[in-house]
Amino acid sequence: MIRHDVVILGGGAAGLMCAIEAGKRGRRVLVVERSEKVGKKILISGGGRCNFTNLRVTPENFLSANPHFCKSALARYSQADFIALVERHGIAYHEKELGQLFCDQSAKLIVKMLVDECRTTGVRIETDCAVSAAERNTGGFSLQSNRGEIRATSLVVATGGLSVPKMGATAFGYELARQFGHSIEPTRAGLVPLTFGPDDLVRYRDLSGVSLPVLIHCKRQSFANAMLFTHRGISGPAVLQISSYWSPGDELSINFLPLTDPSEWLKARQSSRPESELKTVLGEFLPKRLAQRLCDIDLGSRLLRQYATRELVAVCERLQAWPMNPAGTEGYRTAEVTVGGVSTDELSSSTMESKKVPGLYFIGEVVDVTGHLGGFNFQWAWSSGWAAGQVA
Ligand SMILES: Cc1cc2nc3c(=O)[nH]c(=O)nc-3n(C[C@H](O)[C@H](O)[C@H](O)COP(=O)(O)OP(=O)(O)OC[C@H]3O[C@@H](n4cnc5c(N)ncnc54)[C@H](O)[C@@H]3O)c2cc1C
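Keep in mind that what you see is a predicted model, and the values were worked out from it rather than measured.

### Let's talk about the overall build of the protein chain
From N to C terminus, the protein chain includes 13 helices and 21 strands. A principal-axis box enclosing the C-alpha atoms of the protein chain has dimensions of 85 × 40 × 35 Å. As displayed, the protein chain has an accessible area near 16300 Å², and 50% of this comes from carbon and sulfur atoms. Across the protein chain, the centroid of the 44 positively charged side chains sits 3 Å from that of the 39 negatively charged ones.

Structure below.
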């Protein structure tokens, strides 16, 4: 039997940050990780370079049933704090686009930084250690693991979401939350490619590989970024972003020409090249294969001189609000995050402690706080882990 002040379930981004902070306070901390090594998602993140935070983090970059919940933790441990830690460890980084910060070299450096900090603060890490049950008893918690019983005064659940099961994702954190009387906001795959139904598959499948900047809308959300047609549906940053807001049955509206005023240039082309076909002219502004396909599916294509002004305006309006009805998502296999999770109603927003069970904490992705694409999910892991680490 091993006894600790704090046991952290899950050696991912949130768990390691919490461990470091609790360790700094002189707490005897144990991180329990079921995989053979810690930080596996950090290693694969950002194409191996880890988009570890964003220069512009705001509460609007997060989805949650309670949009105010994330504010306190994000303000107390901000992107500037994490950047300062990265700089103290001499890790070179760069901004890619839209404030997204990536390592110049490798995500391995972020994991090394966290493990080095754990070592300095006396944190113990047990890998290949799977916890299968937990209960509360006098003075704390008792956990059953493949290494025997583990006891602790505080229990921090940092088991992550359901995305990418082959990286070690489990539903254990949610089960534990339910066991201790917490409610779960329904979970679904987020930051995930969307798939076509049979009709759209026939319409769009051979556009696979076509990519372009779009402005994509769903309900009241919109994102401007690249979109990519795949052999099964649509992907690319704009689609991944909107997928977190999409539910089955929702229609997407896609502006294929977000950077230009199409009615002006179409009218200009009509006077300079009246004998050109619509699809040829659209091919100047859109990938040619896409222009051709949109004309085949819906727009038609005649010589420009044959269009009345109002018809050209209608073509433009169609291109700026192209409807698409995905049939589903690629699911947790390829999703970057899980939307939903442990309800924030029963957690303290400043410490992440359960309002129902003193000494029990939930941090990181297992909580119903989900970031946009661009380093926001890691920032939530750092901020929520830091907040719990101050008190656990
Ligand atoms: C392919 C991919 C790329 C991504 N890229 C980025 C990016 O560039 N930027 C960004 O901000 N976000 C990115 N994300 C999202 C980000 O990785 C997660 O939001 C973040 O890792 C969540 O941190 P966490 O500590 O809460 O959970 P995790 O990092 O998932 O860690 C949870 C840990 O708990 C362990 N565990 C689970 N159950 C148990 C158990 N019963 N006992 C013991 N241990 C257990 C798991 O093995 C895992 O190591 C990416 C995600 C994926 C899948």
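Here the narrative resumes.
### So, unusual backbone geometry
A negative phi angle characterises most non-glycine residues, just as the trans form characterises most peptide bonds. With phi around 50°, C50 is a residue other than glycine that occupies positive phi space. Along the polypeptide, C50 turns up in the loop between helix 2 (40-44) and strand 3 (51-54). The backbone of M352 sits at a positive phi, close to 70°, despite the residue not being glycine. With respect to the helices and strands, M352 occurs in the loop between strand 19 (337-342) and strand 20 (360-362). Residue M352 is classed as buried on the basis of its relative accessible area of 0%.

### A few points about the site of the ligand
The environment of the ligand is formed by 30 residues, the closest being A14, E33, T170, E365 and F378. In the model, an oxygen atom of the ligand is placed 2.6 Å from a nitrogen or oxygen of the E33 side chain. S35 has a polar side-chain atom sitting 3.5 Å from an oxygen atom of the ligand. Burial of the ligand by the surrounding chains reaches 93%, relative to a free accessible area of 1000 Å². If you list the elements that add at least two residues to the shell around the ligand, you get helix 1 (13-24), helix 2 and helix 13 (376-389).

### Examining the nonpolar core
Counting residues in hydrophobic clusters, the biggest one holds 80 residues, and the most contacted among them are F82, I110, L155, W380 and W382. When near neighbours in sequence (up to four residues on either side) are disregarded, W380 contacts F62, F69, C70, A73, L74, M352, G364, E365, V367, V369 and G385. In this structure, L278, V281, C316 and V339 belong to the second largest nonpolar core, which totals 43 residues.

Cut-offs applied
- Residues numbered from 1 in each chain as written.
- Predicted model: local features only at pLDDT ≥ 70, side-chain atom pairs only at ≥ 80, totals over all residues.
- Heavy atoms only, no water.
- Helix = DSSP H or I, 4+ residues; strand = E, 2+ residues; numbered from the N terminus.
- Areas by Shrake-Rupley, 256 points an atom, 1.4 Å probe, with all protein chains shown as cover.
- Lys, Arg positive; Asp, Glu negative; His and termini not counted.
- Charge placed at Lys NZ, Arg CZ, Asp CG, Glu CD.
- Buried < 20%, exposed > 50% of the residue type's maximum accessible area, 1.4 Å probe, protein only.
- Near = heavy atom within 4 Å.
- Polar contact = N/O pair within 3.5 Å; in protein donor to acceptor, adjacent residues only side chain to side chain.
- Core = buried A, V, L, I, M, F, W, Y, C linked by side-chain atoms within 4.5 Å.
- Contact = heavy atoms within 4.5 Å.

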